[in-house]
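Each chain is listed here by its residues.
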Amino acid sequence: MAETAAAAAAAAEAASAETPPFQLGKPRFQQTSFYGRFRHFLDIIDPRTLFVTESRLKEAVQLLEDYKHGTLPPGVTNEQLWSAQKIKQAILHPDTNEKIFMPFRMSGYIPFGTPIVVGLLLPNQTLASTIFWQWLNQSHNACVNYANRNATKPLPASKFIQGYLGAVISAVSIAVGLNALVQRANKFTPATRLLIQRFVPFPAVASANICNVVLMRHNELEEGIDVLDGDGNIVGSSRIAARHALIETALTRVVLPMPILVLPPIIMSVLEKTFLLQSRPRLLLPVQSFVCLAAFGLALPLAISLFPQMSEAQSSIRCTSWLPRGKIPGGQGSWLCILRA
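Bear in mind that the values here come from a model prediction, so they are computed numbers and not experimental data. (Residues numbered from 1 in each chain as written. Predicted model: local features only at pLDDT ≥ 70, side-chain atom pairs only at ≥ 80, totals over all residues. Heavy atoms only, no water.)

1. A word on helix H10 (residues 239-255)
When the terminal C-alpha atoms of H10 are compared, their 24 Å separation across 17 residues agrees well with the 24 Å that a helix rising 1.5 Å per residue should span. Considered for burial, the residues of H10 that qualify are Ile240, Ala241, Ala242, Ala245, Leu246, Glu248, Thr249, Ala250 and Thr252. (Helix = DSSP H or I, 4+ residues; strand = E, 2+ residues; numbered from the N terminus. Expected span 1.5 Å × (residues − 1). Buried < 20%, exposed > 50% of the residue type's maximum accessible area, 1.4 Å probe, protein only.)

2. What to know about the side chain of Thr49
Tracing the backbone through its elements, the reader meets Thr49 in the loop between helix H2 (34-44) and helix H3 (54-68). Among the polar contacts made by the side chain of Thr49, one reaches the side chain of Ser107 at a distance of 3.3 Å. Not counting residues within four places of it along the chain, the set of residues in contact with Thr49 comprises Lys86, Ala90, Ile91, Arg105 and Ser107. (Polar contact = N/O pair within 3.5 Å; in protein donor to acceptor, adjacent residues only side chain to side chain. Contact = heavy atoms within 4.5 Å.)

3. Examining the side chain of Gln134
Mapping Gln134 onto the fold places it in helix H6 (residues 127-147). Every residue in contact with Gln134, bar those within four places of it in the chain, is listed here: Leu120, Ala171, Val172, Ala175, Pro201, Ala204 and Val205.

4. A short note on the packing of aromatic side chains
Counted by the stated rule, this structure contains eight aromatic pairs. Judged by centre distance (4.9 Å) and plane angle (85°), the rings of Phe22 and Tyr67 are edge-to-face. Residue Phe22 is found in the loop between helix H1 (2-18) and H2, and its partner Tyr67 is found in helix H3; the two are separated by 45 residues along the sequence. Residue classification places Tyr67 among the partly exposed positions, given a relative accessible area of 30%. Judged by centre distance (6.1 Å) and plane angle (45°), the ring pair of Phe132 and Trp135 falls under tilted. Remark: Trp135 and Phe132 occur in helix H6; sequence separation between them is three residues, near one turn of the helix. Aromatic ring contacts, followed pair by pair, group Phe22, Tyr67 and Trp82 into a single cluster. (Phe/Tyr/Trp six-rings, centres within 6.5 Å; stacked < 30°, edge-to-face > 60°.)

5. Quick notes on the packing of helix H5 (residues 109-120) against helix H13 (residues 284-304)
At a minimum axis distance of 9 Å, the contact between H5 and H13 shows a crossing angle of 130°. The pairing of H5 with H13 is recorded here as oblique in orientation. The chirality of how H5 crosses H13 is right-handed. Touching Tyr109, Ile110, Gly113, Thr114, Val117 and Val118 of H5 are Leu285, Gln288, Ser289, Cys292, Leu293, Phe296, Gly297 and Leu300, all from H13. A class-by-class count of the residues in the contact of H5 with H13 yields nine nonpolar, five polar and no charged. (Axes fitted to C-alpha atoms, helices over the stretch in contact; angles between N-to-C directions. Parallel < 35°, antiparallel > 145°, perpendicular 65-115°, else oblique. Left-handed = near helix turned anticlockwise from the far one by under 90°. Nonpolar A, V, L, I, M, F, W, Y, C, P; charged D, E, K, R; others polar.)

6. Topic: the packing of helix H9 (residues 201-223) against helix H11 (residues 257-271)
In contact at an axis separation of 9 Å, H9 and H11 are set at 170° when each is read in the N-to-C sense. Compared by their axis directions, H9 and H11 come out roughly antiparallel. Contacts between H9 and H11 pair Pro201, Phe202, Val205, Ala206 and Asn209 from the former with Pro257, Met258, Leu261 and Val262 from the latter. Across the contact of H9 with H11, the residue classes break down as eight nonpolar, one polar and no charged.

7. As for the UniProt feature "transmembrane region" (unreviewed entry) in the protein chain
Under the present numbering, the feature "transmembrane region" (unreviewed entry) in UniProt falls on residues 163-182, 254-271 and 283-307. When the span residues 163-182 is considered, its composition is 100% helix and 0% strand, and the gap between its end C-alpha atoms is 28 Å. Helix makes up 94% of residues 254-271 and strand 0%, whereas the separation of the span's terminal C-alpha atoms amounts to 26 Å. (UniProt positions renumbered as here; feature names shortened; annotations may be inferred.)

8. Quick word on the environment of Met258
Counting through the fold element by element, Met258 comes out in helix H11. On the accessibility criterion, Met258 (37% relative accessible area) is partly exposed. Distance in space between the C-alpha atoms of Met258 and Ala206 is 8.0 Å, their sequence separation being 52 residues. Residues within four places of Met258 in sequence aside, it is in contact with Phe202 and Leu263.

9. Examining H13
The end-to-end C-alpha distance of H13, which contains 21 residues, comes to 30 Å, matching closely the 30 Å that a straight helix rising 1.5 Å per residue would cover. Those residues of H13 that are buried are in contact with H2, H5, H10 and H11.

10. Re the pattern of salt bridges
Oppositely charged side chains may form a pair once their charged atoms are brought near each other. Following the criterion strictly, the structure yields six salt bridges and no others. With a closest N to O distance of 2.7 Å, Arg48 and Asp46 form a salt bridge. Put simply, Lys86 and Asp46 hold a salt bridge, and the shortest N to O gap is 2.7 Å. One end of the pair, Lys86, is in helix H4 (residues 78-91); the other, Asp46, is in the loop between H2 and H3, and 40 residues separate them in sequence. (Salt bridge = Lys/Arg side-chain N within 4 Å of Asp/Glu carboxyl O.)

Put into structure tokens, the structure is as follows:
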């Protein structure tokens, strides 16, 4: 018994040693490396936070308030503080402190988004079903974006509506147009046409994502985005930085749906030839749902970890005024000066 207790104490001490010191409002993992960002976003999309009770949420918020005011009870560990912050950030909006509706939380993006992905990839879709699933997907994305918006700098409702309509129109137009072209391609066999049609959702969704980003953020190209110094103080604005940020955001929006909408059709085309699924066609939908869930769970954290939210970029362009090495929200790389296009 004594040896067991000693082993448990040693394990707890080792776990405590691996836990970084708590910093209120800061990420638990280093954001300078891809692996650190990947672990950070795994925490953000952790679906277990969907099941946190109201009492547990209040305990987490109170623990962080005690830390903020220096009144923590004795014995509170860094792990408990990080866990409390994870719960609060997953459920409450950082600007308004209001609860985010469960389907629109980042932790709910995969559980609630997977049925939509399954619908997008259903074979032999009609015109009506194609339009419905593309509309539903863009509507879900719009709700997630709005629920997690920056409330300190609110955009006019017209901006969200413009981005939403642009995304829906582009997604539906491309999906319907490509399906029509495939159907008219007489050189393809029916099996080949069916296989190609399964890949149609990817270009439709990727194009809609780019359209949404451009419509929502095109003003930044003219006005620039804030440039920060090493202490997080705003020291100017840059249109070049805005262009970098816009490009990287658009790339992320293209990479994100790629494994979600490309891998499942490839995997399912192989699995459908197996004896199990040919003899039990009723298993097709459950198997496809599982494949989509796995692809979604892998793709989301990988895609949003590609670029740091606050990053640095070297620049040798002539500057209007010099600054310390700064950081650019949503960009990549370190501006040594205020840049003007």
